[in-house]
Each structure stands twice: as structure tokens, then as C-alpha cells.
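# Analysis of the macromolecular model
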Amino acid sequence: MKSFIVLALFVAVAVAAPANPDADAQIVRQENNNIGVDGYSYAVETSNGIKQSETGQLKNIGTENEALEVRGEFSFVGNDGILYTVTYISNENGFQPQGAHLPVAA
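Residues numbered from 1 in each chain as written. Predicted model: local features only at pLDDT ≥ 70, side-chain atom pairs only at ≥ 80, totals over all residues. Heavy atoms only, no water.

- Going by the annotation in an unreviewed UniProt entry, the name recorded for the protein is Flexible cuticle protein 12, with Euphydryas editha given as the source organism.

Shown next, in the form of C-alpha cells:
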């Protein structure tokens, strides 16, 4: 009997849990370019407002300082209804994100 009550409680909690509104999000736009000598790029947008785009290019090809540089941006609507956007560069200096909501080193 106790196991039935415990099982019933688990079922009640699972049913009462709020549904994830993002679970049914669909891709509404997608662009891809294959990786090649000139680099790559892609962009994707989903029905729940998430957007992401990125490009990558090899710098200083054939030298000792050869490095991949990636530039991109993503945005989403937070639980507070605010649109958050992050732009970034990633290269030999590391990952460098920027966004109005991100703290800035003094």
C-alpha cells in the first residue's frame, strides 16, 4: 500500500510540473555553408525566438601564428520577457562575449 501511495505522489508531481514551452519549438530558418578553405558560416532561428549565427575563418594561413577566428551572435527571450543578445569573438585571445546584460571587468 505504501508503494502505491509513493507511486501516486510521483505521478501527481509529474502531472503538476509545468510544461516546457520550448519543447515544441521548430526550426523556421536554417542556413549552412560547408567547412572550406575560406571558412564556414551558419545561421538558425527557431519558432520560440532563439536566433544564432556564426562565421569562422582561418587567419595567418601557413604561418606560425595560424589561428581560427570565430565571430557570432545569439539571442533569446528570457523568462522575464527580455530579449538577451550576446555577440562574441573567439580567437587566439580566447572567447570574448559582449552583451548589455553581461558584467564588464573594471
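### Comments concerning the overall build of the protein
- Assigned secondary structure in the protein consists of one helix and six strands.
- If you list the helices and strands of the protein from N to C, you get α-β-β-β-β-β-β.
- Counting only residues that meet the buried cut, the protein has 15% of its 106 residues in that class.
- Pairs at least 24 residues apart make up 9% of the contacts formed inside the protein by residues separated by at least 6 positions.
- About 8,400 Å² of surface is accessible on the protein, with carbon and sulfur atoms providing 58% of the total. (Helix = DSSP H or I, 4+ residues; strand = E, 2+ residues; numbered from the N terminus. Buried < 20%, exposed > 50% of the residue type's maximum accessible area, 1.4 Å probe, protein only. Contact = heavy atoms within 4.5 Å. Areas by Shrake-Rupley, 256 points an atom, 1.4 Å probe, with all protein chains shown as cover.)

### Examining the side chain of glutamate 54
- You can see glutamate 54 is positioned in strand β3 (residues 51-59).
- Look at glutamate 54: it is buried, it has no salt bridge, and the nearest opposite charge is arginine 71 at 11 Å.
- At a separation of 2.5 Å, a polar atom in the side chain of glutamate 54 contacts the side chain of tyrosine 40.
- Look past the residues within four positions of glutamate 54 in its chain and what remains in contact with it is Tyr40, Ser41, Tyr42, Val70, Arg71, Gly72 and Tyr88. (Lys, Arg positive; Asp, Glu negative; His and termini not counted. Salt bridge = Lys/Arg side-chain N within 4 Å of Asp/Glu carboxyl O. Polar contact = N/O pair within 3.5 Å; in protein donor to acceptor, adjacent residues only side chain to side chain.)

### Side note on the packing of aromatic side chains
- Scanning the entire structure with this criterion turns up three aromatic pairs.
- Look at phenylalanine 74 and tyrosine 88: their rings are 6.3 Å apart centre to centre, the planes differ by 45 degrees, and that puts the pair in the tilted class. Taken as a pair, phenylalanine 74 in strand β4 (residues 67-77) and tyrosine 88 in strand β5 (residues 83-91) lie far apart in primary sequence, 14 residues in all.
- Accessibility expressed as a relative area gives 30% for phenylalanine 74, which makes it partly exposed.
- Arranged with centres 5.5 Å apart and planes meeting at 40 degrees, the rings of tyrosine 88 and phenylalanine 95 form a pair that is tilted.
- Overall, the relative accessible area of 8% leaves tyrosine 88 in the buried class.
- Among the aromatic residues, ring-to-ring pairing joins Phe74, Tyr88 and Phe95 into one connected group. (Phe/Tyr/Trp six-rings, centres within 6.5 Å; stacked < 30°, edge-to-face > 60°.)

### So, unusual backbone geometry
- Its identity as a non-glycine residue notwithstanding, asparagine 60 has a phi of 55 degrees, on the positive side.
- Relative to the helices and strands, asparagine 60 resides in the loop between β3 and β4.
- Look at asparagine 60 and you get partly exposed, because its relative accessible area is 42%.

### Brief notes about the side chain of serine 75
- Looking at the secondary structure, you find serine 75 in strand β4.
- Here serine 75 falls in the buried class, since its relative accessible area comes to 8%.
- In this view, serine 75 contacts Gly49, Ile50, Lys51, Leu83, Tyr84 and Thr85; residues no more than four positions away in its chain are not counted.

### Concerning a nonpolar patch on the surface
- Where nonpolar side chains cluster on the molecular surface, the patch consists of Leu58, Ile61 and Leu68 and spans about 260 Å² of accessible area.
- Residue position: leucine 68 is located in strand β4.
- A relative accessible area of 44% means that leucine 68 is categorised as partly exposed. (Patch = residues over 30% accessible without salt bridge, like charges linked within 9 Å, V, L, I, M, F, W, Y side chains within 5 Å.)

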